[in-house]
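Structural characterization, general
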Amino acid sequence: MCFNHESLQENFMKTLIQKLVETISPSGYEAAIREVIKAEIAAYADDIQVDALGNLIARKGTKGKDGKRIMLAAHMDEIGVMVTHVDENGFVRFAPIGGVFPVNLPGGRVVFANGTLGTIGRERPEDPSKVQSLEHLFIDVGATSHANCPVKIGDVAGFQRPFVDLGDRLMAKSMDDRVGVAILIETLHQIKQTPNELVFVFSTQEEVGCRGATTAAYAIDPDIGIASDVTSTGDTPKSARMDVSLGKGPAIKVRDSGMLADPHLVKCMVAAAEKAKIPYQLEVLEGGTTDARSMQISRAGMSAGCLSIPCRYVHSPSEVVDYNDVLNSVKLFVALFSQPVHLE
């Protein structure tokens, strides 16, 4: 019997992405997703550690004469909510964890760490044409009173939405940034030899201020820092004017609202993509930033950039990516890090 290795890899990647996106782990509560990732990388890393902020840090390779210490970061946290109040009828009020947009919430479902499920309701609006703010929304967990409510103040929940395989397109909550996590895991699997010391950081609390990457970059003190994260697209009806589309390859970041990527690193990533005949796009993102911002200004600073995965409907319960962009991101990272990285 003959097996197609490339087909097996593709099936593995889809299974991996589903496992990652369906694991609930909002910012600050990343224990569950960290264990999933650790199991996936244990056999491939030279060393694995967990630091004080909960970052999962895996090293591979030794920095050779022409090599660099390179930090690759993908955040494993996701947006979510935290209970702030339970009223006398058992309805739950909540605060956002990260960039939670009210327009995406009514009718959605959440799952708490203790397994409690709930749906998000809203007060009767005075003007149905206007989006209500978070203070007018609540979670119904099926309780009838404060006393029998199964959640309490400070409990956290993630959004519940199953992974959907649409062929070339994949849909799920928390593609931001579990798809970036999947890309780093598969890059770690595929890198056989490298002249570089590669430090894979699955970071915490990115959605609330890139906190995990900040402390990890300080401790690692890399020569180069590259994030793997999603970016918005300009390919849907009446979308923002942006030259990034699904299916046209990973996007090499030039700028976002938090950083200007090192032009030498951008040039190096472009050259690696062209040499390996991997499709790519250039990204200028006007709103939002990534862990690369924290890496760029850590200690005395470093060359920093980001490889972005085009993603529709970011920070909604149904984010959409193109699977070919995911596979090509892995190919680009493997091509880039299997050789010395020259920043001339």
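Refer to the structure presented above.
Predicted, not measured: the structure shown is a model, and the values here were computed from it. Counting starts from 1 at the beginning of each chain's written sequence and moves along it residue by residue. In view of the model being predicted, local features appear only for residues whose pLDDT reaches at least 70, and side-chain atom pairs are presented and counted only at 80 or more, with totals across whole chains, interfaces and linings using the full set of residues. Each side-chain value is derived from all of the structure's non-hydrogen atoms; neither hydrogens nor water enter the calculation.

Moving on, we get to a nonpolar patch on the surface. Patches here: salt-bridge-free residues with over 30% relative accessible area, like charges joined within 9 Å, nonpolar side chains (Val, Leu, Ile, Met, Phe, Trp, Tyr) joined within 5 Å. A 1.4 Å probe and the Shrake-Rupley method give the accessible areas. Residues count as covered only by the protein chains that appear here. Take a side-chain nitrogen of Lys or Arg and a carboxyl oxygen of Asp or Glu: if they are within 4 Å of each other, that pair is a salt bridge. A contiguous nonpolar patch, built from F101, V103 and V131 and spanning about 290 Å² of accessible area, is present on the exposed surface. Under the scheme used here, helices are H or I runs from DSSP no shorter than 4 residues and strands are E runs no shorter than 2 residues, and both carry numbers assigned from the N terminus. If you trace the backbone, V131 turns up in the loop between β7 (117-122) and β8 (137-140). Accessibility here uses a 1.4 Å probe with only protein chains present; expressed as a share of the type maximum, an area under 20% marks a residue as buried, one over 50% as exposed, and anything in between as partly exposed. Classification of V131 by relative accessible area gives exposed; the value is 56%.

Here we come to the nonpolar core. For soluble globular proteins, the rule of thumb is that nonpolar side chains tend to be buried together. With 73 residues, the main nonpolar core has I17, L20, I37, M175, F202, V326 and F337 as its most contacted residues. To form a nonpolar core, buried Ala, Val, Leu, Ile, Met, Phe, Trp, Tyr and Cys residues must be joined to one another through side-chain atoms within 4.5 Å. Among the nonpolar cores identified, the runner-up in size contains 20 residues, and V92, L105, A143 and C149 belong to it.

This next bit is on the pattern of salt bridges. For side chains of opposite charge, pairing can occur when their charged atoms come near one another. Taken as a whole and assessed by the stated rule, the structure comprises 14 salt bridges. Here D165 ties to K14 by a salt bridge, and the two come within 3.1 Å at their closest N and O atoms. Of the two residues, D165 sits in strand β10 (residues 164-165) while K14 sits in helix α1 (residues 5-21), which places them 151 residues apart along the sequence. Taking the relative accessible area as the measure of exposure, D165 reaches 41% and is therefore partly exposed. What makes K14 buried here is its relative accessible area of 17%. Through salt bridges with shared partners, a single network forms among R59, R69 and E197.

The next point concerns the pairing of strand β9 (residues 156-160). Judged by how many residues are buried, β9 sits mostly within the fold: four of five residues are covered. Sheet topology places strand β4 (residues 80-86) next to β9; two bridges connect them, and they run antiparallel. The partner of M82 across the bridge, within β9, is V156. As paired elements, strand β6 (residues 109-112) and β9 share four bridges and run antiparallel to each other. The residue of β9 that forms the bridge with V111 is G158. For two strands to be treated as a pair, DSSP must find no fewer than two bridges joining them.

With that out of the way, let us pick up unusual backbone geometry. The peptide bond linking D176 to D177 adopts the cis configuration, its omega dihedral lying at 5°. Turning to its location among the elements, D177 is positioned in helix α3 (residues 175-190). The backbone of S174 shows a phi angle near 55°, a positive value even though the residue is not glycine. Mapped onto the elements, S174 comes out in the loop between β11 (169-172) and α3. Phi is positive for K238, which is not a glycine, with a value near 55°. What makes K238 exposed here is its relative accessible area of 88%.

With that settled, consider the packing of aromatic side chains. Any pair of aromatic rings gets described here by the distance separating the centres and the angle formed by the planes. Geometry of aromatic contacts follows a simple scheme: Phe, Tyr and Trp rings, the Trp one being its six-membered ring, pair when their centres are within 6.5 Å, and the pair is stacked under 30 degrees between planes, edge-to-face over 60, tilted otherwise. By the definition in use, this model includes two aromatic pairs. Ring geometry for F91 against F138: centres 5.2 Å apart, planes inclined by 70°, an arrangement best described as edge-to-face. Of this pair, F91 sits in the loop between β4 and β5 (92-97) while F138 is found in strand β8, placing the two residues 47 residues apart along the sequence. Taking the relative accessible area as the measure of exposure, F91 reaches 29% and is therefore partly exposed. Look at F138 and you get buried, because its relative accessible area is 16%. Measuring from centroid to centroid gives 5.3 Å for F333 and F337, while their planes differ by 25°, and the two rings are stacked. With F333 and F337 both in helix α7 (residues 323-337) and four residues apart, this pair spans about one turn of that helix. Take F333 and F337: they sit in the same class, and that class is buried. Lysine NZ or arginine CZ positioned within 6 Å of the ring centre and within 35 degrees of the ring normal marks a charge as sitting over the ring. Against the face of Y218 rests R299, its NZ or CZ located 4.1 Å from the ring centre.

Let us now look at the state of the cysteines. A pair of cysteine sulfur atoms is labelled a disulfide when the two atoms are within 2.5 Å. Per the stated rule, a full pass over the model turns up zero disulfides. Between C306, a free cysteine, and C210, which holds the nearest cysteine sulfur, the sulfur-to-sulfur gap is 10 Å.

A word on the packing of helix α2 (residues 31-41) against α3. Orientation is described by lines fitted to C-alpha atoms, with helices fitted over the stretch in contact, and by angles between N-to-C directions that extend from 0 to 180 degrees. At a minimum axis separation of 10 Å, α2 and α3 run at an interaxial angle of 20°. Compared by their axis directions, α2 and α3 come out roughly parallel. As α2 packs across α3, the resulting crossing turns out to be right-handed. Where α2 abuts α3, its residues I33, I37, E40 and I41 lie against R178, V181, I185, L188 and H189. Ten residue types, Ala, Val, Leu, Ile, Met, Phe, Trp, Tyr, Cys and Pro, are classed as nonpolar, four, Asp, Glu, Lys and Arg, as charged, and the remainder, Gly among them, as polar. Here the residues of the contact of α2 with α3 are counted per class, giving six nonpolar, one polar and two charged. Angular relationships are summarised with four words: roughly parallel below 35 degrees, roughly antiparallel beyond 145, roughly perpendicular across 65 to 115, and oblique for the angles in between. Definitions for this section: a left-handed crossing has its near helix turned counterclockwise from the far helix by less than a right angle. A right-handed crossing has that turn clockwise. Residue contacts are counted whenever heavy atoms from the two residues lie within 4.5 Å of one another.

Mapped onto the secondary structure, E197 falls in strand β12 (residues 197-203). A distance of 2.8 Å separates a polar atom in the side chain of E197 from a polar atom in the side chain of R59. Ignoring anything within four residues of it in the chain, the contact list for E197 reads R59, K60, G61, T62, K63, K68, R69 and I70. Any pair of nitrogen or oxygen atoms within 3.5 Å is treated as a polar contact; in protein, a donor-acceptor pairing is required on top of that, and neighbouring residues in sequence qualify only through side-chain atoms on both sides.

Let's shift gears to helix α5 (residues 263-275). Working rule for helices: expected span equals 1.5 Å times residues minus one. The terminal C-alpha atoms of α5 lie 18 Å apart, and with 13 residues this matches the ideal 18 Å at 1.5 Å per residue to within 8%. Of all the positions in α5, only L265, V266, C268, M269, V270, A272 and A273 are classed as buried. Here the buried face of α5 lies against β13 (224-231), β14 (251-255), β15 (281-284), β16 (303-312) and α7. The backbone nitrogen of H264 has a side-chain oxygen 2.9 Å away, supplied by the residue at the start of α5, namely D262. Phi for K277, located one or two positions after α5, is positive at around 60°.

Everything listed is a geometric property; what it means functionally is a separate question.
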